[in-house]
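The lines below spell out each chain.
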Amino acid sequence: MTDKLFDSFISNKLKNYESPLPDGLWEKIIAEEDKRKPAIIWWKTKQILLLAFAILFTTFSVGYYFNAHRNINNFRALVENKKTIIITNNEKIVIENKENTSNSVEIVNNKKAIKKEKITAKDITEINDNNTSIAASKSKNNLNNNYIISKKITAEKSLQIEDLTANKNNFFIDNKIKNITPTFKLNKKNNPKFRIINDLKSSNYLKNYTKNEPVESKETKITITNHKAFWASTIPLKNDLLHTKKLVNNNVLELKKLFNGTDDCPSTTGVIRNDLYIEGYASPDVAIKKISENTSGNNNYLSKKDSSETMLLGFTIGARLSKSLSNNLLLKAGLQYTQFNEKFTLRTENDRRQTIIINEHTIVRPGLPDTTISDTSFSLQIGYRVRSNINKYKNLEIPLMLSYELSKPESNWQLAINAGAIVNVTSWYEGKTIDANYNPIVVGSKSNNSIYKSQVGISLYGGVTILRKIDEQIAVFAEPYFRYGISNSLQSSTGFTQKFNVIGLQFGARFKINKNKHL
Amino acid sequence: MTEQEIIQGCVRQNRQCQQALFNLYAPNFMSICLRYASNSMEAEDMMQEGFIAIFKNIGQFNNTGSFGGWMKRVIINAALMLLRKNKLRFNEIDDYSNNNNVSIEAYTYSNLGEEDLMKLINNLPKGYRVVFNLNIIEGYNHDEIATMLDIKPATSRSQLVKARKMLQLQILELQKIAV
């Protein structure tokens, strides 16, 4: 027989030959495949992703709702007044015409640099008690009554008012061009009071004005700028109880800046900072397990247990509310899910595996029937066997902490120190460990032999937050943290204690959800 | 389930489809792995690596050729990778005898079952066995084998000649026993 025929014979015999499969091969393949899948898929992908999506969606929805709602409130009066709005900062505005009228709303985003123009004494006219103008120029330092500033205002100009030291004066500014909001640059902190009247001379406003009369104009609006930015508001409508009350008391609306660079107002309660945030976060965690013996004689067991268990990367996902207690101090509380993962690997020696081998031979002889001979033999393999499993410690917890911001609240970058406690609500466990004979056993929260508590107590929490503001409502943050476990996670009847310390890095987003409270 | 449905299911990582695929092809692939492996444990490892690679890369199969052929290539690559990991070497081994021309009676072949052939191939040194399998049974040429095993084509040819001769001698020995 030639080599070619020989090759062909072998090929034909074996090309499509099928061998019996060893028992458990399929199970072995899927177990190995599951083990090699990326960690996030490993940990019940769908549930985790759904939970993460739900938390982020809720956080974003709440943040968006309050953000949008606040803007509507801020500018509602403008819309109802049917006026032109001039916006000189970059704030997003949501317009809602609640009156369902056909009036058009025009928005001019005036990003052009505004020319400054000083008011001089000749622009100021004193008003006497009869509310008629006194045609006299006053020295700026003697201002102590009601005055009209009759400076022509255009969209491209701002009036710079200096050295107005007397803070009890009322200034009526004649806006000769209707539907234009002038901008004021205030160089003094005592914030003199201004009233802008469109077409002052032709209106009956001054004629009927008395010192103690509340302002009820629906025609005017005020914009005041500070050194870095300004916020815009309107004289509120007459039926706004809160604002009407304020107007009655003060005659003229007084507006104050709270922070440089922000558009917040002081609250009516007088608290300087009154912020409420919702924070959504997720973090990869590294848990460090600490085991110590309760009763003597457990050393060998604990050593074997320790060598068979290795902590893997875990994670935390949650949401919390954050309320300012003062300018720099915030109280935070929420709900989070934490999962610690652990790899259990146990190598057992002298593991025996017996395979039955049956060889069949067919002997063909001329003139005789074919004879089939079966040889049965056994193959015994002795080796070690490695059993592995992923153990999961799952916890539902309440984080409760104080956060002290080291930076000014208005800064775009903020650094804060957090300290507090993580209170466990409930815990559950599933996995394997070794028994007293060093054999693997399944231990779970639902099993009768569970050695784990369903409520594992408290951990102390410390972290540092680095926060970056995206805008006035939204910020993102990173928070490296450390958790120190002070409670034993095992039942008291167990001969040893087990505690977890955790190092993690949270990434999250913060939304401001409270409304601005104007005077 | 048709083969196309099984493939689509495997692309979606559907476990039932993966098992159907396994049931369909595993016996043939097991015999391939047994031909390359030194023992059944090694063959199981090859099967495991091969099927994990198939499930992972099944999305890359572009339906241009035979799906069975594509899977067979993946299995063989997995087997070779494992052999390489276990230090596959192509050493020159002394011939069993000085006979350059081995003469085997044709009727001897009729007595040879697949199991016998598998055993005889398994008795070949690892390097001989791999080249013999790749060339004679899988049909790769020596240039392709050289690329796959990172050896020279001449080495592949030489290993094949020696493998064939050693196999023929083994069959001859069987023939003598039978007589």
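One numbering rule holds for all chains: residues counted from 1, following each sequence as written. Note on labels: chains are lettered from A, ligands numbered from 1, in written order. Thresholds applied to this predicted model are a pLDDT of at least 70 for local features of residues and 80 or more for the giving and counting of side-chain atom pairs; totals over whole chains, interfaces and linings are not thresholded and use all residues. The basis for the side-chain values is all heavy atoms of the structure; hydrogens and waters are excluded.

## With respect to the overall build of chain B
Put simply, DSSP H or I for four residues or longer makes a helix, DSSP E for two residues or longer makes a strand, and each gets a number counted from the N terminus. A count of helical and extended segments in chain B gives 9 helices and 0 strands. Ordered by position from N to C terminus, the α and β elements of chain B give α-α-α-α-α-α-α-α-α. Throughout, a contact is declared for two residues whenever any of their heavy atoms are within 4.5 Å. Summarising the internal contacts of chain B: among those between residues at least 6 apart in sequence, 71% fall at separations of at least 24. Accessible area of chain B: about 8700 Å², with a carbon and sulfur share of 48%. Only the protein chains shown count as cover for residues, and all accessible areas are computed by the Shrake-Rupley method using a 1.4 Å probe.

## Notes on the confidence of the model for chain B
Note: predicted coordinates in regions of low pLDDT should not be interpreted at a detailed level. Each residue carries a pLDDT score, the predictor's own confidence in it, on a scale running from 0 to 100. Mean pLDDT over chain B works out to 84, with 86% of the residues at or above the 70 mark. Here helix α5 (residues 106-110) of chain B is the element of chain B with the lowest mean pLDDT, 68, and helix α2 (residues 15-36) of chain B is the one with the highest, 92.

## Regarding the interface of chain A and chain B
Taken together, the 34 residues of chain A in the interface contact 41 residues of chain B. When the area that chain A buries against chain B is broken down by residue, the three leading residues are Leu 14, Tyr 17 and Trp 26 of chain A, summing to 18%. What makes a salt bridge here is a side-chain nitrogen of Lys or Arg within 4 Å of a carboxyl oxygen of Asp or Glu, nothing more. Between Arg 164 of chain B and Asp 3 of chain A there is a salt bridge, with its nearest N and O atoms 3.6 Å apart. Identification of polar contacts relies on pairs of N or O atoms within 3.5 Å, with a donor-acceptor requirement for protein atoms, meaning one able to donate a hydrogen and the other able to accept it, and with residues adjacent in sequence counted only if both atoms are side-chain atoms. Where chain A packs against chain B, one counts 13 residue pairs in polar contact (both at pLDDT 80 or more). Elements with a contribution of two residues or more to the side of chain A that touches chain B: α1 (3-14), α2 (25-36) and β15 (329-363) of chain A. By definition, the buried area sums, over both parts, the 1.4 Å-probe accessible area that each loses when the two are put together.

## Quick word on the packing of aromatic side chains
The criterion for an aromatic pair is that two Phe, Tyr or Trp rings (for Trp, the six-membered ring) have centres within 6.5 Å, with stacked assigned to planes under 30 degrees apart, edge-to-face to planes over 60 apart and tilted to the rest. Summed over the entire model, instances satisfying the criterion amount to 19 aromatic pairs over all chains. Here Phe 29 of chain B and Phe 51 of chain B contribute two aromatic rings whose centre-to-centre distance is 6.0 Å and whose plane-to-plane angle is 45 degrees, an arrangement assigned as tilted. Residue Phe 29 of chain B is located in helix α2, and its partner Phe 51 of chain B is located in helix α3 (residues 40-57); the two are separated by 22 residues in the primary sequence. Ring-pair connections join several aromatic residues into one group, and the members of that group are Trp 26 of chain A together with Phe 22, Tyr 25, Phe 29, Phe 51, Phe 55, Phe 61, Phe 67 and Trp 70 of chain B. Consider the ring centre and the ring normal. A charge sits over the ring if Lys NZ or Arg CZ is within 6 Å of that centre and within 35 degrees of that normal. When the ring centre of Tyr 277 of chain A is taken as origin, the NZ or CZ atom of Arg 510 of chain A, which lies over that ring, is 3.7 Å away.

## So, the pattern of salt bridges
Enumeration over the complete set of coordinates arrives at 17 salt bridges over all chains. The partner of Asp 34 of chain A in a salt bridge is Arg 15 of chain B, with the nearest N and O atoms 2.7 Å apart. Here Asp 34 of chain A is found in helix α2, whereas its partner Arg 15 of chain B is found in helix α2 on a different chain. Given the relative accessible area of 29%, Asp 34 of chain A is considered partly exposed. Only protein chains enter the accessibility calculation, which uses a 1.4 Å probe. A residue is then buried if its area is under 20% of the maximum for its type, exposed if over 50%, and partly exposed in between. Using a relative accessible area of 27% as the deciding quantity, one classes Arg 15 of chain B as partly exposed.

## Examining the environment of Leu 331 of chain A
Residue and element names in this part refer to chain A. Relative to the assigned elements, Leu 331 resides in strand β15. Between the C-alpha atom of Leu 331 and that of Leu 321, which follows or precedes it by 10 residues, the distance is 8.1 Å. In this view, Leu 331 contacts Leu 321, Ser 322, Lys 323, Leu 325, Met 401 and Leu 402; residues no more than four positions away in its chain are not counted.

## A closer look at the confidence of the model for chain A
Residue and element names in this part refer to chain A. This prediction gives chain A a mean pLDDT of 66; 54% of its residues lie at or above 70. Across chain A, strand β20 (residues 474-485) holds the top mean pLDDT of 93, while helix α6 (residues 241-250) sits lowest at 29. For the stretch residues 69-116, pLDDT sits under 50, and the model shows 80 contacts to residues farther than four places along the chain or on other chains. Confidence over residues 198-271 falls short of pLDDT 50; this stretch has 157 contacts with residues more than four positions distant or in other chains.

## A word on the side chain of Arg 483 of chain A
All names here are of chain A. Structurally, Arg 483 is set in strand β20. For Arg 483, a relative accessible area of 4% corresponds to the buried category. Within the local environment of Arg 483, its side chain forms a polar contact with the side chain of Glu 397, the two groups lying 2.7 Å apart. Every residue in contact with Arg 483, bar those within four places of it in the chain, is listed here: Gln 336, Thr 338, Glu 397, Ile 422, Ser 459, Leu 460, Tyr 461, Phe 500, Asn 501 and Val 502.

## Describing the environment of Leu 325 of chain A
Residues and elements named next belong to chain A. By the secondary structure assignment, Leu 325 is in the loop between β14 (309-324) and β15. Taking relative accessible area as the criterion, Leu 325 reaches 47% and is therefore assigned partly exposed. Between the alpha carbons of Leu 325 and Ser 403 there is a distance of 9.8 Å; along the sequence they are 78 residues apart. Ignoring sequence-local partners within four residues, the contact set of Leu 325 consists of Leu 330, Leu 331 and Leu 402.

## Quick word on the packing of α1 of chain A against helix α6 (residues 114-123) of chain B
Helix axes are fitted to C-alpha atoms over the stretch in contact, other axes to C-alpha atoms as well, and angles between N-to-C directions run from 0 to 180 degrees. With their axes 10 Å apart at the nearest point, α1 of chain A and α6 of chain B run at an angle of 115 degrees to one another. For the element pair α1 of chain A / α6 of chain B, the angle class is roughly perpendicular. Crossing of α1 of chain A against α6 of chain B: the hand is left-handed. When α1 of chain A is examined against α6 of chain B, the residues Phe 9, Ile 10, Lys 13 and Leu 14 of chain A are found in contact with a partner set consisting of Glu 114, Leu 117, Met 118 and Ile 121 of chain B. When residue character is reported, Ala, Val, Leu, Ile, Met, Phe, Trp, Tyr, Cys and Pro are called nonpolar, Asp, Glu, Lys and Arg charged, and the others, Gly included, polar. For the contact of α1 of chain A with α6 of chain B, the class distribution of residues is 6 nonpolar, no polar and 2 charged. Small angles under 35 degrees read as roughly parallel and large ones over 145 as roughly antiparallel, with 65 to 115 read as roughly perpendicular and the rest as oblique. Should the near helix be turned anticlockwise from the far one by less than a right angle, the crossing is termed left-handed; should it be turned clockwise, right-handed.

## Thoughts on the layout of surface pockets
Where empty space is left becomes clear once a probe the size of a water molecule has been rolled over the atoms. Cavities and pockets are defined on a 1 Å grid built over the protein atoms alone: a cavity is a set of grid points where a 1.4 Å probe fits but cannot escape, while a pocket is an open set with protein on both sides within 12 Å along at least five of seven lines, and lining residues are those with an atom within 4 Å of any such point. Grid points are joined across faces, edges and corners, and a volume is the space filled by probe spheres set on the points. The calculated volume of the largest pocket comes to roughly 1200 Å³. Lining the largest pocket are 27 residues; nearest its centre among them are Lys 28, Arg 385, Val 386 and Arg 387 of chain A together with Gln 48 of chain B. Counting only elements with at least two residues in the lining of the largest pocket, the list comes to α2, β15 and β16 (371-405) of chain A together with α3 of chain B. Of the residues forming the lining of the largest pocket, the biggest block, 10 residues, is contributed by β16 of chain A. Grouping the constituent residues of the lining of the largest pocket by class yields 8 nonpolar, 6 polar and 13 charged. One number sums up the size of the second largest pocket: a volume of about 1000 Å³. Around the second largest pocket, the lining comprises 31 residues; the ones closest to its centre are Thr 355, Ile 356 and Ile 357 of chain A together with Leu 34 and Ser 40 of chain B. Put simply, the parts of the chain that give the lining of the second largest pocket at least two residues each are β15 and β16 of chain A together with α2, α3 and α6 of chain B. It is β15 of chain A that provides the largest number of residues to the lining of the second largest pocket, a total of 8 residues.

## Structural notes on the packing of helix α1 (residues 3-11) of chain B against α2 of chain B
Residue and element names in this part refer to chain B. Contact geometry of α1 with α2 gives a least axis separation of 8 Å together with a crossing angle of 130 degrees. Taken together, the axes of α1 and α2 lie oblique to each other. Our pair here, α1 against α2, has a crossing hand that is left-handed. Judged by residue contacts, Glu 3, Glu 5, Ile 6, Gly 9 and Cys 10 of α1 engage Cys 17, Gln 18, Ala 20, Leu 21, Leu 24 and Tyr 25 from α2. Among the residues forming the contact of α1 with α2, the class breakdown is 7 nonpolar, 2 polar and 2 charged.

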